[in-house]
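If you want the building blocks of each chain, they are given just below.
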Amino acid sequence: MARLFKNNSMEAANAIIEVNNLYHYFGKKKILEKLNLAIPKGSFVFLTGSTGSGKSTFLKILHAELAPTAGLVRVENFVIGPKNKPKIHLFRRCVQMIYQDFEILDDYSVKQNIEIPLRCMGISKKNRQKRIEVLLKVLELEEVKDTPSIFLSGGEKQRVAIARAISTSPKILLADEPTGNLDKRMAKRIMKILSHFNKHGTTIIVATHSIELKSLVENPIHLTISDSTIQEIK
Ligand SMILES: Nc1ncnc2c1ncn2[C@@H]1O[C@H](COP(=O)(O)OP(=O)(O)OP(=O)(O)O)[C@@H](O)[C@H]1O
Ligand SMILES: [Mg+2]
């Protein structure tokens, strides 16, 4: 069973993410302080914490889009630090993010948005089409597949963001409030989809205020941020 561990070099060999002495400040405001933790390969992690506690900040550091103030993070074989940024085109093949505010392209249709990472990975047109068809079906987006994203509802946009992030079957999926705009039925469905990917080897970190989602996943790890540090809740 996957579990969180801290500073244990024997267990760290199984870690897909290792965080060493990580600090993050926005100006003088301390967000993360001296974090040391490791996340085992294949785990399903829930990250909770009050609003403004630093969940999105932490995920953005793991996604190599925000350089930490100090410390180092290893994600798979990539090293992230104040002055280390992995080669992004290679890193994105391994790590994908579902953004809290979606970050989908308004002028692009649903299909075009989902296609972006598949194009970046050089997948053939025929295979792109196949994967898109499956994702449209699974995420119940077939009816709006050609609609420009600006016209979508919040829940539809959220599902496009999810489809786009999972389209390339990343090794690591960072999901920032992935069910925040969805009703209970769709939230359950999304957790089922994420669990399916997890069972096939994807390590998943979900930042959320809805900790009841934990009951929908086998052997979850629950981390929480408060006072700039991360603790495991057992
Ligand atoms: N680019 C930035 N510049 C300055 N301050 C920032 C920046 N991004 C975030 N912050 C601040 O850092 C703190 C942590 O923000 P973050 O978005 O990580 O919180 P969160 O835990 O994800 O909150 P929520 O649950 O509301 O999504 C907040 O006080 C926020 O205002
Ligand atoms: Mg957030």
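Everything below is about the structure printed above this text.
Student: What's the story with the site of ligand 1 in this structure? I'm lost.
Tutor: In the vicinity of ligand 1, the contacting residues are Phe26, Ile31, Gly49, Thr51, Gly52, Ser53, Gly54, Lys55, Ser56, Thr57 and Gln100. The leading source of residues in the shell around ligand 1 is helix α2 (residues 55-62), at three residues. When the residues that make up the shell around ligand 1 are grouped by side-chain class, the tally is two nonpolar, eight polar and one charged.

Student: Sorry, what's going on with helix α5 (residues 125-138) here?
Tutor: Structurally, the α-helix is built with 3.6 residues per turn, so residues lying three or four positions apart point the same way. With 14 residues, α5 should cover 20 Å at 1.5 Å per step; its first-to-last C-alpha distance of 20 Å lies within 8% of that length. Buried within α5 are the following residues: Ile132, Leu135 and Leu136. The arc enclosing the buried residues of α5, seen along the axis, measures out at 100 degrees, which places them on a common side. Facing away from the buried side of α5, by more than 90 degrees, are the exposed residues Lys126, Asn127, Lys130, Val134 and Lys137. Buried residues belonging to α5 abut α4 (110-120) and α6 (154-166). Count one or two residues on from α5 and you reach Glu140, which has phi positive near 55 degrees.

Student: I tried to follow the nonpolar core on my own but got confused; where do I start?
Tutor: Soluble globular proteins tend to bury their nonpolar side chains together. If you look at the biggest cluster of nonpolar residues, it comprises 58 residues, and the most contacted ones within it are Ile17, Val45 and Leu174. At six residues, the largest contribution of residues to this core is made by α6. Setting aside anything within four residues of it in sequence, one finds Ile17 in contact with Ala38, Ile39, Leu62, Val73, Arg74 and Val75.

Rules used throughout
- Residues numbered from 1 in each chain as written.
- Chains lettered and ligands numbered in written order.
- Predicted model: local features only at pLDDT ≥ 70, side-chain atom pairs only at ≥ 80, totals over all residues.
- Near = placed C-beta within 6 Å.
- Helix = DSSP H or I, 4+ residues; strand = E, 2+ residues; numbered from the N terminus.
- Nonpolar A, V, L, I, M, F, W, Y, C, P; charged D, E, K, R; others polar.
- Expected span 1.5 Å × (residues − 1).
- Buried ≥ 20, exposed ≤ 12 C-beta atoms within 10 Å, placed from the backbone.
- Arc of directions from axis to C-beta.
- Contact = placed C-beta atoms within 7 Å.
- Core = buried A, V, L, I, M, F, W, Y, C linked by C-beta atoms within 7 Å.

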